[in-house]
Amino acid sequence: MIDVTKLLLFIPTMILISATPGMCMTLAMTLGMTVGLKRTAWMMAGEVTGVALVSTLSGLGVASLMLRYPTAFTVFKLAGGLYMGWLGLQLWRSRGAMAISTDEMDGSAVPAGRMLALQGFVTAIANPKGWAFFMALLPPFMLTVNGPINAHNGVILLIILLSELLCMTLYATGGKALRKLLKERSNVAVLNRIAGTLMIGVGVWLAAS
């Protein structure tokens, strides 16, 4: 059983929410600037995997239980925030695998795909506000006929993932366009510092959430 009316209401709601600047979208734009759209796809894969986990557990009601024990979240988000901050500092200094070389703009020295995927996954699941958000958002749009796992709720999950993927692609494309705008060698350091500032912002956002 699928409630088309609820789905039609959920689609613009989710797209609007996904398009709003946040940690994952900022990360997508930053990686679009530094490693390009194709490599950013690894981060997107990790992010949508994390979002799928968070939204599924929220729909099943498991998230409310997990949020009662915030210690694990605190350790996880602080570690993730510190790591993002360290990457941002490296970018500021034009060092590390993500930094754009001052000698060439081919982006050949990039981190492994699995590391990019891990960044996306951690960013998606280490934010307690994300869990609470899905707990508040999903119930009005879900159907509980025959339990929480049914065709309607499966379509809801698909809409969430497609919306996140679409918006991250747009943000990453914007980051790539900014890279081209500042591709002159004299502006490479500026581009690295912009990306580094955004990455540090993601780290602070994650740690302070």
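In every chain, residue numbers begin from 1 and rise along the written sequence. Owing to the predicted nature of the model, reporting of local features is limited to residues with pLDDT of at least 70; listing and counting of side-chain atom pairs is limited to 80 or more, with chain, interface and lining totals taken over all residues. Excluded from the side-chain calculation are hydrogens and water; included are all heavy atoms of the structure.

Caption draft 1: Summary view of the overall build of the protein. Only DSSP runs of H or I reaching four residues or more are called helices, and only runs of E reaching two or more are called strands; each is numbered from the N terminus. Of the regular secondary structure elements, the protein holds 9 helices and 0 strands. Each helix and strand of the protein, ordered N terminal to C terminal, gives the series α-α-α-α-α-α-α-α-α. Between two residues, a contact is recorded if the distance between any of their heavy atoms is within 4.5 Å. Taking as baseline every contact in the protein between residues at least 6 positions apart, the subset at least 24 positions apart corresponds to 85%. With the model as given, the accessible surface of the protein reaches about 10400 Å², and the carbon-plus-sulfur share is 71%. All accessible-area figures derive from a Shrake-Rupley calculation using a 1.4 Å probe, and residue coverage is judged against the displayed protein chains alone.

Caption draft 2: Highlighting helix α1 (residues 4-19). By this rule, a helix spans an expected 1.5 Å times one less than how many residues it contains. The terminal C-alpha atoms of α1 lie 23 Å apart, and with 16 residues this matches the ideal 22 Å at 1.5 Å per residue to within 8%. Accessible area is worked out with a 1.4 Å probe on protein chains only. A residue is then buried under 20% of its type maximum, exposed over 50%, and partly exposed in between. Burial in α1 covers these residues: L7, F10, M14 and S18. Capping the start of α1 is the job of one residue whose side-chain oxygen sits 3.1 Å from the backbone nitrogen of T5: D3. Polar contact is the term for a pair of N or O atoms within 3.5 Å; when the atoms are in protein, one must be able to donate a hydrogen and the other to accept it, and sequence-neighboring residues count only if both atoms are side-chain atoms.

Caption draft 3: Spatial organisation of the nonpolar core. L27, A28, L31, M43, M168 and M199 are the most contacted members of the largest nonpolar core, which has 26 residues in total. In terms of residues, this core owes the most to one element, helix α2 (residues 23-34), which gives 6 residues. Not counting chain neighbours up to four residues away, the residues in contact with L27 comprise M43, M84, Q119, G120, T123, M199 and V202. Here, the term nonpolar core denotes a set of buried Ala, Val, Leu, Ile, Met, Phe, Trp, Tyr and Cys residues that are joined through side-chain atoms within 4.5 Å. Counting residues in each nonpolar core, the second largest holds 17 residues, with A124, I125, F141 and I160 among its members.

Caption draft 4: Up close: the confidence of the model for the protein. pLDDT measures how confident the predictor is about each residue, on a scale from 0 to 100. When pLDDT is averaged along the protein, the result is 79, and 80% of the positions lie at 70 or above. At the level of individual helices and strands, the protein shows its lowest average pLDDT in helix α4 (residues 62-66), which scores 60, and its highest in helix α8 (residues 151-181), which scores 90. Within the model, the stretch residues 104-108 combines pLDDT values under 50 with 7 contacts to residues more than four positions away or in other chains.

Caption draft 5: Broad picture of the side chain of H152. Mapped onto the elements of the fold, H152 is located in helix α8. H152 sits in the buried class, given a relative accessible area of 0%. Beyond its immediate chain neighbours, meaning those up to four positions away, H152 contacts M1, I2, D3, K6, L7, F141, M142 and L143.

Caption draft 6: Structural context of the environment of V155. Tracing the backbone through its elements, the reader meets V155 in helix α8. Sequence spacing of V155 and L7 is 148 residues, and the spatial spacing of their C-alpha atoms is 8.1 Å.

Caption draft 7: Expanded view of a nonpolar patch on the surface. Within this analysis, patches are made of residues with over 30% relative accessible area and no salt bridge. Like charges are joined at 9 Å or less; nonpolar side chains (Val, Leu, Ile, Met, Phe, Trp, Tyr) at 5 Å or less. The term salt bridge refers to a pairing of a side-chain nitrogen on Lys or Arg with a carboxyl oxygen on Asp or Glu at a separation within 4 Å. Together, I2, V4, L8, I11 and I15 give the surface a local cluster of nonpolar side chains, amounting to about 420 Å² of exposed area. Mapped onto the elements of the fold, I11 is located in helix α1. On the basis of relative accessible area, I11 is assigned to the partly exposed category, the value being 34%.

Caption draft 8: Structural view of helix α6 (residues 113-125). Look at α6: 19 Å from first C-alpha to last across 13 residues, which is about the 18 Å you get at 1.5 Å a residue. Taken residue by residue, α6 has G113, L116, A117, Q119, G120, V122, T123, A124 and I125 as its buried positions.

Caption draft 9: Structural detail: the side chain of T30. Take T30: it is sitting in helix α2. Not counting the four nearest positions on each side in its chain, T30 is found in contact with L91, A195, L198 and M199.

Caption draft 10: Representation of the environment of A124. With respect to the secondary-structure elements, A124 resides in helix α6. Its relative accessible area of 11% is what places A124 among the buried residues. In this structure, the C-alpha to C-alpha distance between A124 and V48, residues 76 residues apart in sequence, is 7.8 Å.

Caption draft 11: Broad picture of the packing of helix α3 (residues 36-60) against α8. Each axis is a line fitted through C-alpha atoms, taken for helices only over the stretch in contact, and angles between the N-to-C directions span 0 to 180 degrees. Direction vectors running N to C along α3 and α8 enclose 150°, while the axes themselves pass 10 Å from each other. Overall, the two elements α3 and α8 adopt an arrangement that is roughly antiparallel. The handedness of the crossing between α3 and α8 is right-handed. In this structure, α3 contributes L37, T40, M43, M44, E47, V48, V51, A52, S55 and T56 to the contact, and α8 contributes L157, I160, L161, E164, L165, M168, T169, A172, T173 and K176. When residue character is reported, Ala, Val, Leu, Ile, Met, Phe, Trp, Tyr, Cys and Pro are called nonpolar, Asp, Glu, Lys and Arg charged, and the others, Gly included, polar. Across the contact of α3 with α8, the residue classes break down as 12 nonpolar, 5 polar and 3 charged. When describing relative orientation, an angle under 35 degrees is termed roughly parallel and one over 145 degrees roughly antiparallel, while 65 to 115 degrees is termed roughly perpendicular and anything else oblique. Crossings are classed by handedness, with left-handed meaning an anticlockwise turn of the near helix from the far one by less than a right angle and right-handed meaning a clockwise turn.

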